[in-house]
Amino acid sequence: MQDTQAFIDSVQGQLDNGYIDISGLEYGLRTAIFSDASKILEAFLNQPKVSDSFTSQGTFHEYRTRKVHGLFGVFELQRGYYKAESGYYSPLDQKLGLIGKYTPGFAKMICHAAGTIGSFKEAEKALSLHAAAKVPASQIRAVAQGIGSAIVEWSSTRNESRNNKVPTMYVSYDGTGVPMRKEETQGRKGKQPDGSSATRELKLGCVFTSSCFDKDDNPLRDAESTTYVASFNPAAEFTPILFNEAKLRGYNKARQKVVLGDGAKWIWNQADLLFPEALQILDNFHAKEHLTKLARIIRSNEYRSRKLIEKWSEWLDDDRVLDIVKDARKKICCKGHRRNIGEREIKYLETNCKRMMYGTFKKEGYFIGSGVIEAGCKTVVGKRTKQSGMFWQVKGAQNILNIRCAILGNTYDKYWEYRNRTGMAS
């Protein structure tokens, strides 16, 4: 511990002179300890019994030294280099699971920063401040891109411990726009003034379970039971990914399966195809939004429309959706564009009436709101990909969101345990 002792000796001299800089003391001691730890790691890994202990395929070429960046700093690693049919490689690099020039532990920290902090530049600053690590934003991006694609591949076949039999499993999904570079939106229609699009739709899905209730008999989401999947693929390609996630989580063991969503047609079309045995529940908030819109079409007077909304809301809570439809058809008398809007809202209620039996759903102890996925669109997607000035390529956003889904779904540590156990390198 040469560097640490030298630092202590230098600080002791300052103390003897009556001067204390606690901030300098802490940061300086950390630097010294990290320097010594890096030297210890270097000495350990450069022992002959370590560097020469891995069998190789191919012909020995030479010993080569490389600089490796780890949790404690940079150290040199000397290892055998071999020539195989696929090219030159180092068995030790593979056994240690190096990700480029980074150790797995350090790469894990880099990707966590990339996935949880607002931008790559902010992640660079955070690593410098909190880990005394100098990693350029460009390198953080590169490491995250590689791990992001690997982590989603692992996740689709992982061993999942949260797959015990549960009373109720919920599957919920929705779409949200992610700002894109111009080349990613060419030819796509959108909400821009000129009819073009500045975003690409990302589909986010979640799986969670519920096995208990609060004192008022409202269902509670099981702690740390929520996992996420995200994809820019079309609905027909996204929902099989979500279905696979549900199966990993024990979908077939759940006593009751529930699909929660808003009124988007693609959600229910895919639910019918992939989750046919699941109970379908339309988010209560979205239902009341449509009910309110219909009431204001029928009653333009604010007081009268509010009274109608109150009455229909009570009916909605009592499973009387079709009564609302009948009442609306009797009362609607406007013409033209307003009439068309009103008819469309009536059709919405009629089409989704079986998904809006909120009185029954509450009695049977089910969630009636899609708040988990609505919040997920903000926390999983928005906080990392919709910051001011951000414009993504699809591949880049996908890989970052793969990492973020793993972190927020509590599978991130498991991935790195698997990677370390299998000696993966890249």
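Structure: see above.
How each quantity is defined
Residues numbered from 1 in each chain as written. Predicted model: local features only at pLDDT ≥ 70, side-chain atom pairs only at ≥ 80, totals over all residues. Heavy atoms only, no water. Axes fitted to C-alpha atoms, helices over the stretch in contact; angles between N-to-C directions. Helix = DSSP H or I, 4+ residues; strand = E, 2+ residues; numbered from the N terminus. Left-handed = near helix turned anticlockwise from the far one by under 90°. Contact = heavy atoms within 4.5 Å. Nonpolar A, V, L, I, M, F, W, Y, C, P; charged D, E, K, R; others polar. Phe/Tyr/Trp six-rings, centres within 6.5 Å; stacked < 30°, edge-to-face > 60°. Lys NZ or Arg CZ within 6 Å of the ring centre and 35° of its normal. Parallel < 35°, antiparallel > 145°, perpendicular 65-115°, else oblique. Buried < 20%, exposed > 50% of the residue type's maximum accessible area, 1.4 Å probe, protein only. Pairing = 2+ DSSP bridges.

### Section: the packing of helix α10 (residues 284-298) against helix α13 (residues 336-351)
Between two packed helices, the angle of one axis relative to the other and the distance separating the axes together describe the packing. Relative to each other, α10 and α13 sit at 145 degrees, their axes nearing to 9 Å. As for the relative orientation of α10 and α13, their crossing is left-handed in sense. Where α10 abuts α13, its residues H286, H290, K293, L294, R296 and I297 lie against R338, I341, G342, R344, E345, I346, Y348 and L349. Counted by class, the contact of α10 with α13 contains six nonpolar, three polar and five charged residues.

### Concerning the packing of aromatic side chains
Scanning the entire structure with this criterion turns up 21 aromatic pairs. Ring geometry for Y170 against F208: centres 5.0 Å apart, planes inclined by 10 degrees, an arrangement best described as stacked. Of the two residues, Y170 is situated in strand β4 (residues 168-179) and F208 in strand β5 (residues 199-210); the sequence distance between them amounts to 38 residues. Ring geometry for Y415 against W416: centres 5.3 Å apart, planes inclined by 75 degrees, an arrangement best described as edge-to-face. The structure contains a cluster of three or more aromatic residues connected by ring pairs, namely W154, Y412, Y415, W416 and Y418. Directly above the ring of F208 sits R221, whose terminal nitrogen or CZ lies 5.9 Å from the centroid. Over the aromatic face of Y251 sits the side chain of K257, whose NZ or CZ is 5.5 Å from the ring centroid.

### Observations concerning the packing of helix α15 (residues 371-385) against helix α16 (residues 394-408)
Two elements in contact, α15 and α16, have axes separated by 10 Å at closest approach and are oriented at 135 degrees. The pairing of α15 with α16 is recorded here as oblique in orientation. Handedness of the crossing formed by α15 with α16: right-handed. On α16, the residues touching T379, V380, V381, K383, R384 and T385 of α15 are I400, L401, R404, C405 and L408. Its residues assigned to classes, the contact of α15 with α16 comprises six nonpolar, two polar and three charged.

### Examining the environment of D21
Following the sequence through the fold, D21 ends up in the loop between α1 (2-16) and α2 (22-45). By relative accessible area, which is 34% here, D21 ends up partly exposed.

### Focus: the environment of E245
Structurally, E245 can be placed in helix α8 (residues 235-248). When residues no more than four places from it in sequence are discounted, the contact partners of E245 are S155, R158, V207, T227 and V229.

### Brief notes about the sheet that holds strand β2 (residues 73-84)
In space, the three strands of this open sheet follow the order β1-β2-β3, with antiparallel pairing throughout. In this open sheet, the two strands that pair with only one neighbour each are β1 (59-70) and β3 (87-89). Between one strand and the next, the sheet's axes are offset by a mean angle of 30 degrees, whatever the strand orientation. Bridge analysis of β1 against β2 gives 11 bridges, and the strand direction is antiparallel. In the sheet register, V68 faces β2, and the bridge partner there is F75.

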